[in-house]
Amino acid sequence: MNFDPSDPDHLCAALCAGFATWCLVASWVTGTYSHVDRLWSITPAVYASVYAYASGFDARASTMAALTWAWGIRLTYNFARKGGYSKGEQDYRWPVLREHPLLKHPVAWQAFNLGFIATYQHALLLLIARPSSAAYEAKGSELNALDRIAIGLFVFFVAFESVADQQQWIFQQSKHRAPGHARVNALRDDYKRGFLTSGLFRYSRHPNFFAEQCVWVSYYLFAVAAKWDGRADLFGASWRDAWVHEHGVGAVLLVLLFQGSTRFTESITAGKYPEYAEYRKTTSALVPLPPFGKLRAPTKKAR
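I will try to describe carefully the structure that is included in this document.

Space inside the largest pocket adds up to approximately 1900 Å³. Contributing to the lining of the largest pocket are 50 residues, with Lys82, Asp91, Tyr92, Arg93 and Phe209 lying nearest its centre. Where the lining of the largest pocket is concerned, the elements lending two or more residues are α4 (59–81), α5 (93–98), α6 (106–128), α8 (145–175), α10 (207–226), α12 (249–272) and α13 (276–282). Sorting elements by how many residues they give to the lining of the largest pocket places α12 first, with 10 residues. In the lining of the largest pocket, the residues fall into 21 nonpolar, 18 polar and 11 charged.

Okay, here's the thing in structure tokens:
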């Protein structure tokens, strides 16, 4: 197949390959492996913008691009304030994962770096933005009720994630007594535990992870809306044709990725904080739910 720069699918695929190559080479140069993390909040917005431009700034494609930029700017800000763009900074989980028996050999680790860290993650970022391709294909069609539902859900879950990130930020900064962040009396028990169990974290151990998945499931609804003529029965005999198609692959893969990454993250946390085991027993992992029980008072003094 010949490359056609006027085809947004071709252009986005080429950009994805370029981003992946950059992150792979950067990992070799720096010896760190969070270069995809640095682009995570940017590349979906770039892809959505390519489709919006190719569609002549169609209403649906442009709305989707604007939403991804709003999501991306917020996530970039949160990542930056945590030092994510600092020289030499990388996700604490990569060094831990590198000690896994199957990945300890340098050749095995570099194969993982090529196959998963650089290539698969960037392919996933392209796929979660793929609903914009459906909007491009349906350019000229009017926004419908499902589009409006998608907009509302996308905005809600971005706001939900923002609240969760802010609650975690306040806790971590005050826990470590960062300048300008005094201890919060309501969090005194969590300081003793070492991890946050208050606010949204009382109902979900990872409310930000939950919201991030929901953001991109909501984004997929735009693809469903683009293929819906407003008259077909979305819940009738042909519901599968309306709801299940290739533009949803990215959202599904993202949800699956979070299942594994959540378990891995918690294995590290549980090894660091003894009382995390009880928190697991009383609190849902992802979906916010009423607590399963009452947490016991912490046994450790706050530092």
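Text resumes after the structure shown.
Evaluation of the coordinates by the stated rule reveals 11 salt bridges. Note that Asp147 and Arg60 form a salt bridge whose closest N and O atoms lie 2.8 Å from each other. In this pair, Asp147 is assigned in helix α8 and Arg60 in helix α4, connecting sequence segments 87 residues apart. In this structure, Asp91 engages Arg93 in a salt bridge whose closest nitrogen and oxygen atoms are separated by 2.7 Å. Via salt bridges that share partners, Asp9, Arg130 and Glu246 belong to a single interconnected network.

Let's shift gears to the environment of Trp243. With respect to the element layout, Trp243 can be found in helix α11 (residues 239–243). Its relative accessible area of 22% is what places Trp243 among the partly exposed residues. Each C-alpha atom, one on Trp243 and one on Trp228, is 9.5 Å from the other, the two residues being 15 residues apart in sequence. Dropping the residues within four chain positions of it, Trp243 is found in contact with Leu146, Tyr220, Leu221, Val224, Leu234 and Phe235.

End to end, helix α3 (residues 43–54) covers 17 Å across 12 residues, agreeing with the expected 16 Å (1.5 Å per residue, within 8%). Among all positions of α3, only Thr43, Pro44, Ala45, Tyr47, Ala48, Val50, Tyr51 and Ala52 are buried. If you follow the buried residues of α3, they end up packed against α1 (8–30), α2 (35–39), α4, α6, α7 (131–137) and α10. One or two steps after α3, the chain reaches Gly56, where phi turns positive at roughly 75°.

What counts and how
- Every chain is numbered independently, its residues counted from 1 as its sequence is written.
- At least 70 in pLDDT is required for a residue's local features to be given in this predicted model, at least 80 for side-chain atom pairs to be given and counted, and no such filter applies to totals for whole chains, interfaces and linings, which use all residues.
- Excluded from the side-chain calculations are hydrogens and water; all other atoms, namely the structure's heavy atoms, are used.
- Of the grid points, spaced at 1 Å and generated over the protein atoms alone, those admitting a 1.4 Å probe that cannot get out make up cavities, while open sets with protein on both sides within 12 Å along at least five of seven lines make up pockets; any residue with an atom within 4 Å of a point is treated as lining.
- Grid points are joined across faces, edges and corners, and a volume is the space filled by probe spheres set on the points.
- The secondary structure listing takes helices from DSSP runs of H or I that are at least 4 residues long and strands from runs of E that are at least 2 residues long, numbered from the N terminus.
- Ten residues, namely Ala, Val, Leu, Ile, Met, Phe, Trp, Tyr, Cys and Pro, are considered nonpolar, four, namely Asp, Glu, Lys and Arg, are considered charged, and the remaining ones, Gly among them, are considered polar.
- For salt bridges, the criterion is a side-chain nitrogen of Lys or Arg within 4 Å of an Asp or Glu carboxyl oxygen.
- Note on classification: 1.4 Å probe, protein chains only; a residue is buried when its accessible area is under 20% of the maximum for its type, exposed when over 50%, partly exposed between these limits.
- Any two residues having at least one pair of non-hydrogen atoms within 4.5 Å are treated as being in contact.
- By this rule, a helix spans an expected 1.5 Å times one less than how many residues it contains.

Everything listed here is a matter of coordinates, which is why it stays silent on function.
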